[in-house]
Amino acid sequence: VQLQASGGGSVQAGGSLRLSCAASGRTFSSSTMGWFRQAPGKAREFVASISWNGGTTSYGDSVKGRFTISRDNAKNTVYLQVNSLKPEDTAVYYCAVRLLGHTDDANRYPYWGRGTLVTVSS
């Protein structure tokens, strides 16, 4: 499985972005997808995850109500709509995939993309 994240950029506080993660491989439609982020000098943080059919989603406490994860299995793509951005959302955002049920544990995702940088200025 190969993943390619895109959509990052520089925005002002309060702005929005839509991150995308395109996946290759036949297992995408049956896989759990997750988004994580890592800010400079900080540990990797769970952002959101979505089950294979989109029926179950989960969010980190710091992004609940502001971020929305979705997926389009026909396009092998998972999205992360990020709204009401704050300077503390500045990080490299990574998408990841696992073949089993969704979890917020980064160690349980065996496949990772290269990340896309989101920078939020105040």
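Residues numbered from 1 in each chain as written. Predicted model: local features only at pLDDT ≥ 70, side-chain atom pairs only at ≥ 80, totals over all residues. Heavy atoms only, no water.

So, about the nonpolar core. Core analysis: the largest hydrophobic core is formed by 28 residues, its most contacted members being Met33, Trp35, Val47, Phe67, Ile69, Leu80 and Tyr93. Counting only elements with at least two residues in this core, the list comes to strand E1 (2-6), strand E3 (17-24), strand E4 (32-38), strand E5 (45-50), strand E7 (67-72), strand E8 (77-82), strand E9 (91-98) and strand E11 (116-121). With sequence-adjacent residues up to four places away left out, Val47 is seen in contact with Trp35, Phe36, Arg37, Ser58, Tyr59, Gly60, Val63, Phe67, Leu80 and Tyr93. (Core = buried A, V, L, I, M, F, W, Y, C linked by side-chain atoms within 4.5 Å. Buried < 20%, exposed > 50% of the residue type's maximum accessible area, 1.4 Å probe, protein only. Helix = DSSP H or I, 4+ residues; strand = E, 2+ residues; numbered from the N terminus. Contact = heavy atoms within 4.5 Å.)

Of note in this structure, Asn76 is not a glycine but carries a positive phi near 50°. Its location among the elements puts Asn76 in the loop between E7 and E8. The backbone of Ser84 shows a phi angle near 50°, a positive value even though the residue is not glycine. Within the secondary structure, Ser84 is located in the loop between E8 and E9. With a relative accessible area of 41%, Ser84 lands in the partly exposed category.

Strands sit in the order E1-E3-E8-E7 across an open sheet of four strands; the sheet is antiparallel. In this open sheet, the two edge strands, each paired with only one partner strand, are E1 and E7. Here the average twist between neighbouring strands, direction ignored, is 15°. In the sheet, E1 pairs with E3 via five bridges, with the strands oriented antiparallel. When the bridges of E3 are listed, Gln4 appears paired with Ala22. (Pairing = 2+ DSSP bridges. Axes fitted to C-alpha atoms, helices over the stretch in contact; angles between N-to-C directions.)

The subject of this paragraph is the side chain of Ser49. Turning to its location among the elements, Ser49 is positioned in strand E5. Residues within four places of Ser49 in sequence aside, it is in contact with Met33, Gly34, Thr56, Thr57, Ser58, Ile69, His102, Thr103 and Tyr109.

Here we take up the environment of Ser29. By the secondary structure assignment, Ser29 is in the loop between E3 and E4. The class of Ser29 is partly exposed, set by a relative accessible area of 33%. Measuring from C-alpha to C-alpha, the distance between Ser29 and Gly14 comes to 33 Å, with 15 residues separating the pair along the chain. Look past the residues within four positions of Ser29 in its chain and what remains in contact with it is Trp52, Arg71 and Asn73.

For the rest of this paragraph, the subject is the pattern of salt bridges. Applying the stated criterion to the full structure yields five salt bridges. Close ionic contact of Asp89 with Arg37 constitutes a salt bridge, the shortest N to O distance being 2.8 Å. Taken together, the residues span a long stretch of sequence, with Asp89 in the loop between E8 and E9 and Arg37 in strand E4 at a distance of 52 residues. Of the two residues examined, Asp89 and Arg37, each falls in the buried class. Among the salt bridges present, the one from Lys64 reaches Asp61, with a minimum N-O distance of 3.2 Å. Like Asp61, Lys64 is exposed. (Salt bridge = Lys/Arg side-chain N within 4 Å of Asp/Glu carboxyl O.)

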